[in-house]
Structures are given as C-alpha cells and as structure tokens.
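Descriptive analysis of the structure
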Amino acid sequence: MKSLEAELKASIQGEVHFDPVTRHVYSVDASIFEIEPLGVVIPKTKQDLQHIVEIAYQFRIPLTVRGAATGITGGCLGNGLIIDLSKYLKRI
C-alpha cells in the first residue's frame, strides 16, 4: 500500500508537504495554541480538494481546512492533514 504522502502526490496537481519546516509553520495561528500537523496539502483545483478528502478518508486521517490563519481560537490547527485554501482556491 502506498504511503499517504505518495498517494497524495500521485493524485493531485497541488502541493503536498510533509517536511518538518512546513509542518512547524502550519502548527501555529494567531492563537496561543500549537499543534503540529501530519502534513499540509495546498490544492490547485476543486478536483484536488475532492481527491484529498477521499484519500484522507481511506487512510482515516482527520482534515482541517485553513484559510488565512488569523483566528485566535486555534480553529485552523490540527494533528491530521491541513488543507490550505488560501493560495489557489480563494473563491470556491
């Protein structure tokens, strides 16, 4: 069975990041909380978004959707996959 990272990279046009630096960057928002995610995906298309959800479901990985990360309650943090919609999909 393919790893989660390999499956995502093979299935979407967008970006897939599992490196420590990116995970650390996405572990914080404007709140006092810090939760390091398993990985970060940045979909380029609506189809990417659909594939990400399907793959995460297969692997039983929780998803957290993130925009600008300006919230002060930690709502865009999570220990599963972070889906960042702020780069390509600003107007879904």
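Residues numbered from 1 in each chain as written. Predicted model: local features only at pLDDT ≥ 70, side-chain atom pairs only at ≥ 80, totals over all residues. Heavy atoms only, no water.

1. Quick notes on the pattern of salt bridges
Keep this limit in mind: Salt bridges are defined by distance alone: a side-chain nitrogen of Lys or Arg within 4 Å of a carboxyl oxygen of Asp or Glu. Each helix is a run of DSSP H or I of at least 4 residues and each strand a run of E of at least 2, with the numbering of both proceeding from the N terminus.
Tallied over the entire structure, the rule returns 3 salt bridges. Put simply, glutamate 36 and arginine 23 hold a salt bridge, and the shortest N to O gap is 2.6 Å. Here glutamate 36 is found in the loop between helix H2 (20-25) and strand S2 (39-42), whereas its partner arginine 23 is found in helix H2, with 13 residues between them in sequence.

2. Section: the packing of aromatic side chains
Counted only if it meets this: What counts as a ring pair is set by centres within 6.5 Å for rings of Phe, Tyr and Trp (its six-membered ring), and what kind of pair is set by the plane angle: stacked under 30 degrees, edge-to-face over 60, tilted for all other angles. Think of it as a cone above the ring: NZ of Lys or CZ of Arg counts as a charge over the ring if it is within 6 Å of the ring centre and within 35 degrees of the ring normal.
Taken as a whole and judged by the stated rule, the model has 0 aromatic pairs. For the cation-ring pair, arginine 60 lies above tyrosine 57, with the distance from its terminal atom to the ring centre recorded as 4.5 Å.

3. A word on the packing of helix H1 (residues 4-11) against helix H3 (residues 46-59)
Stated formally: For helices, the fitted axis covers only the stretch in contact; all axes are lines through C-alpha atoms, and the angles between them, taken along N-to-C directions, range from 0 to 180 degrees. Working rule for angles: under 35 degrees goes down as roughly parallel, over 145 as roughly antiparallel, 65 to 115 as roughly perpendicular, anything else as oblique. Handedness of each helix crossing follows the sense of rotation of the near helix against the far helix: counterclockwise by less than a right angle gives left-handed, clockwise gives right-handed. Contacts were defined at the residue level, with two residues in contact if any of their heavy atoms lie within 4.5 Å. Gly counts as polar in this scheme, as do all residues outside two lists: the nonpolar Ala, Val, Leu, Ile, Met, Phe, Trp, Tyr, Cys and Pro, and the charged Asp, Glu, Lys and Arg.
Where H1 contacts H3, the axes come no closer than 10 Å and their chain directions differ by 155°. By the angle between their axes, H1 is roughly antiparallel relative to H3. Crossing of H1 over H3 shows right-handed handedness. On H3, the residues that touch Leu4, Glu7, Leu8 and Ser11 of H1 are Asp48, His51, Ile52, Ile55 and Phe59. Partitioned by chemical class, the residues of the contact of H1 with H3 number 5 nonpolar, 2 polar and 2 charged.

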